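# Close look at the chain arrangement
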Amino acid sequence: MGKAIAIFNQKGGVGKTTTNINLGASLAQFGKKVLMLDIDPQGNTTSGVGVSKKDLTDTVYDLLIDKDYDPHRAILHTGVNGLDLIPANVDLAGAEVELVAMDGREKRLRDAIGKISAEYDYIFIDCPPSLGLLTINSLSAVQSVLIPIQCEFYALEGVSQLVSTIELVKNNLNPSLEIEGVVLSMFDGRTNLSIQVVQEVKKYFGSKVYSTVIPRNIRLAEAPGFGMAITEYDPKSKGAIAYREFAEEFLEREGK
């Protein structure tokens, strides 16, 4: 069975999608079979790997709304060998409202993933920056949560609420839910602020914080505009090197 991990932080712009795509691509390059689920109605993971959102016929929306739906129909192969995607588009915005009236609404995604998890080593879910039913579905469907935190002034604002949400889902819907780890993104070693944020996050999360830190990198910011993971767009850039190192550390912690 593949391990399902939600990439979650209710703050926007902290590097969730960047981590989803580039950790997934790096693990695929290390020979792992990886599936990314885009459960954000903005569909940034979808467009970030070069998939046109307006041409989609099957999306994660179908997994959530139709409990008899075969998830294989929505799986797309990306340009990275071993990295697959279940995409999202604007249809997903309506799912939040439609799910309210449905039986077992918090567990729709868990049931769908159960049909395909044996085919992958890892399944990463890119969560929206909110605490609605899409996020609850994601947290109910996974074994653990990976939290990206941006090295900025307000980094720890909202973190206690984030941890409370994880605990709430753990206590009521998913008893095995754990924090996988915390990855620091957009680090600028020239500023005292970035260094202070790293220290504060380590004080709060302790050994859950990965030692690999993702730097601010213009090539990393450009890559989604070309529909490519950084490992394809500029494999020698600081961003690509950092995500490869992160993938190595991730696998070491997994004991693989």
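Attention in this report is confined to the structure presented alongside it. (Residues numbered from 1 in each chain as written. Predicted model: local features only at pLDDT ≥ 70, side-chain atom pairs only at ≥ 80, totals over all residues. Heavy atoms only, no water.)

This paragraph deals with the packing of aromatic side chains. The geometry of an aromatic ring pair is captured by the separation of the ring centres together with the interplanar angle, meaning the angle of the planes. In the structure shown here, the tally under the stated rule is seven aromatic pairs. With centroids separated by 6.0 Å and ring planes inclined at 55°, the aromatic side chains of phenylalanine 124 and phenylalanine 250 adopt a geometry described as tilted. Here phenylalanine 250 lies in helix α11 (residues 238-254) and phenylalanine 124 lies in strand β5 (residues 122-126), a separation of 126 residues in the sequence. With a relative accessible area of 0%, phenylalanine 124 lands in the buried category. Judged by centre distance (4.8 Å) and plane angle (75°), the rings of tyrosine 210 and phenylalanine 246 are edge-to-face. Taken together, the residues tyrosine 210 in the loop between α8 (192-205) and α9 (218-222) and phenylalanine 246 in helix α11 connect sequence positions 36 residues apart. We note that tyrosine 210, like phenylalanine 246, is buried. Here the aromatic cluster, defined as three or more aromatic residues joined through ring pairs, consists of Tyr122, Phe124 and Phe250. (Phe/Tyr/Trp six-rings, centres within 6.5 Å; stacked < 30°, edge-to-face > 60°. Helix = DSSP H or I, 4+ residues; strand = E, 2+ residues; numbered from the N terminus. Buried < 20%, exposed > 50% of the residue type's maximum accessible area, 1.4 Å probe, protein only.)

Moving on, we come to the sheet that holds strand β2 (residues 34-38). In space, the seven strands of this open sheet follow the order β3-β4-β2-β5-β1-β6-β7, with mixed pairing throughout. Edge positions in the sheet fall to β3 (76-77) and β7 (178-185), since each of these pairs with one other strand and no more. Two elements, β3 and strand β4 (residues 83-86), share two bridges in a ladder whose sense is antiparallel. The partner of leucine 76 across the bridge, within β4, is leucine 85. (Pairing = 2+ DSSP bridges.)

Judged by nonpolar contacts, the single largest core of 52 residues is most densely connected at Leu37, Ile86, Leu92, Leu109, Ile147, Ile149 and Phe205. Counting residues in hydrophobic clusters, the runner-up holds 33 residues, among them Ile7, Tyr122, Ile214 and Ala247. (Core = buried A, V, L, I, M, F, W, Y, C linked by side-chain atoms within 4.5 Å.)

Another point: the pattern of salt bridges. In the structure shown here, the tally under the stated rule is 10 salt bridges. A salt bridge links arginine 105 to glutamate 106; the shortest N-O distance between them is 3.8 Å. Classification of arginine 105 as partly exposed rests on a relative accessible area of 32%. In this structure, arginine 219 engages glutamate 222 in a salt bridge whose closest nitrogen and oxygen atoms are separated by 2.8 Å. Pair noted here: arginine 219 and glutamate 222 are both in helix α9, with a separation of three residues, about one helical turn. With a relative accessible area of 30%, arginine 219 lands in the partly exposed category. On the accessibility criterion, glutamate 222 (28% relative accessible area) is partly exposed. Salt bridges sharing common partners tie together Lys3, Glu180 and Glu254. (Salt bridge = Lys/Arg side-chain N within 4 Å of Asp/Glu carboxyl O.)

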